[in-house]
Amino acid sequence: MLVSVIGVGHVGLVTAACMADLGHDVVGFDVDGQKIELLRTGAVPFVEAGLAELVEAGVRAGRLEFTADVAEAVRAAEVVFICVGTPRRPDGAPNMSFVQSAAATVASHAQRPAVVAEKSTVPVQTGERIRQALRLQSQARGGGLVHDVVSNPEFLREGTAVADTLRPDRIVVGADSERGHAVMRALYAPLLARHDCPYVATDVRTAELIKHASNAFLATKISFINAVARICELAGANVHTIADAMGYDARIGRAFLNAGVGYGGSCFPKDVEAFIHIAQELGYDFGMLRETDRINREAKAWPVAQLRRLVWNLADKQIAVLGIAFKPGTDDVRDAPALDVIDALLAEGATVRLHDPVALDHVRERYPDAVFCDKAEDALRGAHAVVVCTEWDEYRAITPQRLAELLTYPVVVDARAVWDARALADAGLSVAVVGQPPLSPAGT
Ligand code: UDX
């Protein structure tokens, strides 16, 4: 089928490459001409496992093209995926203007009735707005084309986005017309032939809500365990053992019960706020999600509170921050909890020594006075304390003895539980590991 993707950011590019892999002919469009040039050379502008290979294969097979000319992108398309950004406005609501203009663009240039598929996470009832935008623009053009609107939310995680797309847990398609459902079935037929998974066919509004409900639920699971972590620190218990034991209950499951420094990234923080906002607009106060968001803010403030307790004044102290990306396996720093930690440290007059295996380049401009370290050991050497914000595997390999040698003060704040608290204390370090009681070296 002829597929066009408007907006080749993280979600859009993965969608485009995977659709080409399924055998469709795909054109990816973006307003960022530089990005298009880069993609045409076969390079991928962010870290995502397996994506570069897929893009390269699609381009080589002639099934994946990129263009900065939107008319060319949508002219003949049977399915147009809208994958543009929905940045949050100051009140927490998403800014939908890029979605609206993408819809208007389709109506301006399409030469056949298209199925317009929402991929960007959007508030419930956006489908109707898109339909309206398409209709108005078609009328303005004097044309009689009637386009269908479907909601086809993605559930891809950064770092495993290709696998999540090609081997999904489920496919969700919301459509209010038979044609919309039929076209999307045909689009996904090659995937379902390779990988059997539930296919949820529903109406547009329900599909839109499935996405927000799924992300908000996962975010709430994380905030729940972070709240339990605070209780463990106060009561002298271990949250990680609690999560393991809870996880053995098949009704609960172990996934997304890792206590840490809060959820970040381009989805959870934004989606939780947007869901609160749309519920409010519809007349429902989603108090539980407001609490999810509050606990997440508290989790992001936890490391600096621990540093204050262990080091006292942070002004003029050197603090090593290990891990900037919002999670391992990606260079994405959008809403990364590490940024909150660094901002708070700088506000207290500390100097930050930053390490991340892949994300440093994304924060060089934001932190002109930080010390950027290519190796974790360089960040640690001479620092008064260390705080771990991302659980990169390479940090697990640093021994307590080596930490004790490198740090000026023996202070460790481990907000991702990468190290064993007891082993750290035995090596003479004062330790705050998330979800465990604070430990000091014997005799202090
Ligand atoms: C998420 C959803 O998982 C995905 O389905 C959706 O399509 C997009 O949003 P992503 O943002 O890539 O994906 O990251 P995810 O792996 O879900 O992690 C989000 C944040 O939660 C990260 O900051 C991560 O560190 C944190 N997290 C996750 C925890 O703190 N604890 C956990 O147990 C799991």
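Residues numbered from 1 in each chain as written. Predicted model: local features only at pLDDT ≥ 70, side-chain atom pairs only at ≥ 80, totals over all residues. Heavy atoms only, no water.

Comments concerning empty space enclosed by the protein
Here is the rule: Only protein atoms enter the 1 Å grid used here, on which a cavity is any set of points holding a 1.4 Å probe that cannot leave and a pocket is any open set flanked by protein within 12 Å on both sides along at least five of seven lines; residues with an atom within 4 Å of a point are listed as lining. Grid points are joined across faces, edges and corners, and a volume is the space filled by probe spheres set on the points. Here the term charged refers only to Asp, Glu, Lys and Arg, the term nonpolar to Ala, Val, Leu, Ile, Met, Phe, Trp, Tyr, Cys and Pro, and the term polar to all other amino acids, Gly among them. A domain assignment, automatic or from a database, supplies the domain bounds used here.
Across all of its chains, the model carries 2 cavities of 30 Å³ or more by this definition. Considered as a void within the structure, the largest cavity measures approximately 50 Å³ in volume. Looking at side-chain class alone, the lining of the largest cavity contains 2 nonpolar, 3 polar and 4 charged residues. Space inside the second largest cavity adds up to approximately 30 Å³. What lines the second largest cavity is Thr-86, Pro-94, Thr-121, His-212, Lys-270, Asp-271 and Ala-274. By residue class, the composition of the lining of the second largest cavity is 2 nonpolar, 3 polar and 2 charged. Summarising the domain contributions, the lining of the second largest cavity has at least three residues from each of domain 1 (2-202) and domain 2 (208-444).

Looking at the sheet that holds strand β3 (residues 64-67)
We count it as follows: Any two strands with at least two DSSP-identified bridges between them are counted as paired. Secondary structure elements are defined from DSSP: runs of H or I of at least 4 residues count as helices, runs of E of at least 2 residues count as strands, and each element is numbered from the N terminus. Helix axes use the C-alpha atoms of the stretch in contact, all axes being lines fitted to C-alpha atoms, and the angles between their N-to-C directions lie in the range 0 to 180 degrees. Residue contacts follow a heavy-atom distance rule, with two residues in contact if any of their heavy atoms lie within 4.5 Å.
An order of β3-β2-β1-β4-β5-β6-β7-β8 is seen for the 8 strands of this open sheet, with the pairing classed as mixed. At either end of the open sheet lies a strand with only one pairing partner, and these are β3 and β8 (199-202). Geometrically, the sheet is characterised by an average inter-axis angle of 20° between neighbouring strands, direction not taken into account. Bridging between strand β1 (residues 2-6) and strand β4 (residues 79-82) involves 4 bridges; their strand directions are parallel. Across the sheet, Ser-4 pairs through a bridge with Val-80, a residue of β4. Seen against the sheet, helix α5 (residues 97-109) touches β1, β4 and β5 (115-118) and runs at an angle of roughly 160° to β4. Relative to the sheet, helix α6 (residues 126-140) contacts β5 and β6 (148-151), its axis offset from that of β5 by approximately 145°.

Some points on the pairing of strand β2 (residues 25-29)
Stated formally: Relative accessibility under 20% of the residue-type maximum defines a buried residue, over 50% an exposed one, and the middle range a partly exposed one, all with a 1.4 Å probe and only protein chains included. Handedness of a crossover: with both strands directed away from the viewer, a clockwise path from the first strand across the helix to the second marks it as right-handed.
Within β2, 4 of the 5 residues are buried, which leaves it mostly tucked inside the rest of the structure. Here 5 bridges tie β1 to β2, and the two strands are oriented parallel to one another. Bridged to Leu-2 within β2 is Asp-25. Running through helix α1 (residues 10-21), the crossover from β1 to the neighbouring parallel element β2 is right-handed. Pairing geometry for β2 and β3, over 4 bridges, is parallel. Considered in β3, the bridge of Phe-29 is made with Thr-67.

Brief notes about the packing of aromatic side chains
For clarity, the threshold we go by: The criterion for an aromatic pair is that two Phe, Tyr or Trp rings (for Trp, the six-membered ring) have centres within 6.5 Å, with stacked assigned to planes under 30 degrees apart, edge-to-face to planes over 60 apart and tilted to the rest. Any Lys NZ or Arg CZ found within 6 Å of a ring centre and within 35 degrees of that ring's normal is scored as a charge over the ring.
In total, this model carries 4 aromatic pairs according to the counting rule given. Both rings, one in Tyr-284 and one in Phe-286, keep their centres 5.8 Å apart while their planes meet at 75°; by these two values the pair is edge-to-face. Taken together, the aromatic side chains of Phe-256, Tyr-263 and Phe-268 make up a single cluster linked through ring pairs. Its end group placed over the ring of Phe-155, Arg-170 keeps NZ or CZ at 3.5 Å from the ring centre. Of note, Arg-364 hangs over the ring of Phe-372, and the distance from its end group to the ring centre comes to 5.0 Å.

Looking at the pattern of salt bridges
Once the charged atoms of two side chains with opposite charge are near each other, the side chains can pair. Using the following cut-off: By salt bridge we mean one thing: a side-chain nitrogen of Lys or Arg within 4 Å of a carboxyl oxygen of Asp or Glu.
Summed over all chains, the structure comprises 34 salt bridges. Residues Glu-56 and Arg-60 are paired through a salt bridge, measuring 3.2 Å at the closest nitrogen-oxygen approach. Note that Glu-56 and Arg-60 are positioned in helix α3 (residues 51-60) at a spacing of 4 residues, about one turn of the helix. The exposed category is assigned to Arg-60, whose relative accessible area is 61%. Here Glu-158 and Arg-334 are joined by a salt bridge, their closest N and O atoms 3.5 Å apart.

A short note on the layout of surface pockets
Of the volumes computed, that of the second largest pocket is approximately 520 Å³. Residue lining of the second largest pocket: 22 residues in total, with Met-96, Pro-123, Gln-125, Thr-126 and Arg-129 positioned closest to the centre. Within the residue set of the lining of the second largest pocket, elements represented by two or more residues are α5, α6 and α11 (268-282). With 6 residues, α6 is the largest single contributor of residues to the lining of the second largest pocket. Of the residues that constitute the lining of the second largest pocket, the class distribution is 12 nonpolar, 7 polar and 3 charged.

A look at the packing of helix α9 (residues 204-235) against helix α10 (residues 239-247)
How we decide: Here roughly perpendicular refers to angles of 65 to 115 degrees, roughly parallel to angles under 35, roughly antiparallel to angles over 145, and oblique to all remaining angles. Here a crossing is taken to be left-handed if its near helix is turned anticlockwise relative to the far helix by less than a right angle, and right-handed if that turn runs clockwise.
Remark: α9 packs on α10, axes separated minimally by 9 Å, with the N-to-C direction vectors making an angle of 135°. By the angle between their axes, α9 is oblique relative to α10. Here α9 runs over α10; the crossing is right-handed. Here α9 contributes Phe-224, Ile-225, Val-228, Ala-229 and Cys-232 to the contact with α10, which in turn contributes Val-239, Ile-242, Ala-243 and Met-246. Tallied by class, the residues present in the contact of α9 with α10 amount to 9 nonpolar, no polar and no charged.

Section: the domain arrangement of the chain
The following threshold applies: What counts as buried area is the accessible surface, traced by a 1.4 Å probe, that two parts surrender upon association, with contributions from both included.
We note that the domain assignment places domain 1 (2-202) and domain 2 (208-444) within the chain. For domain 1 versus domain 2, the separation of C-alpha centres amounts to 34 Å. Residue-level contacts link 28 residues of domain 1 with 23 residues of domain 2. At the boundary of domain 1 with domain 2, total buried surface from both sides reaches about 2,200 Å², with 54% on carbon and sulfur atoms. For the domain 1 face of the interface with domain 2, the top three residues by lost area are Arg-88, Val-124 and Glu-158, together amounting to 31%. Here domain 1 and domain 2 share 4 salt bridges between them. Among the salt bridges present, the one from Glu-154 reaches Lys-211, with a minimum N-O distance of 3.1 Å.

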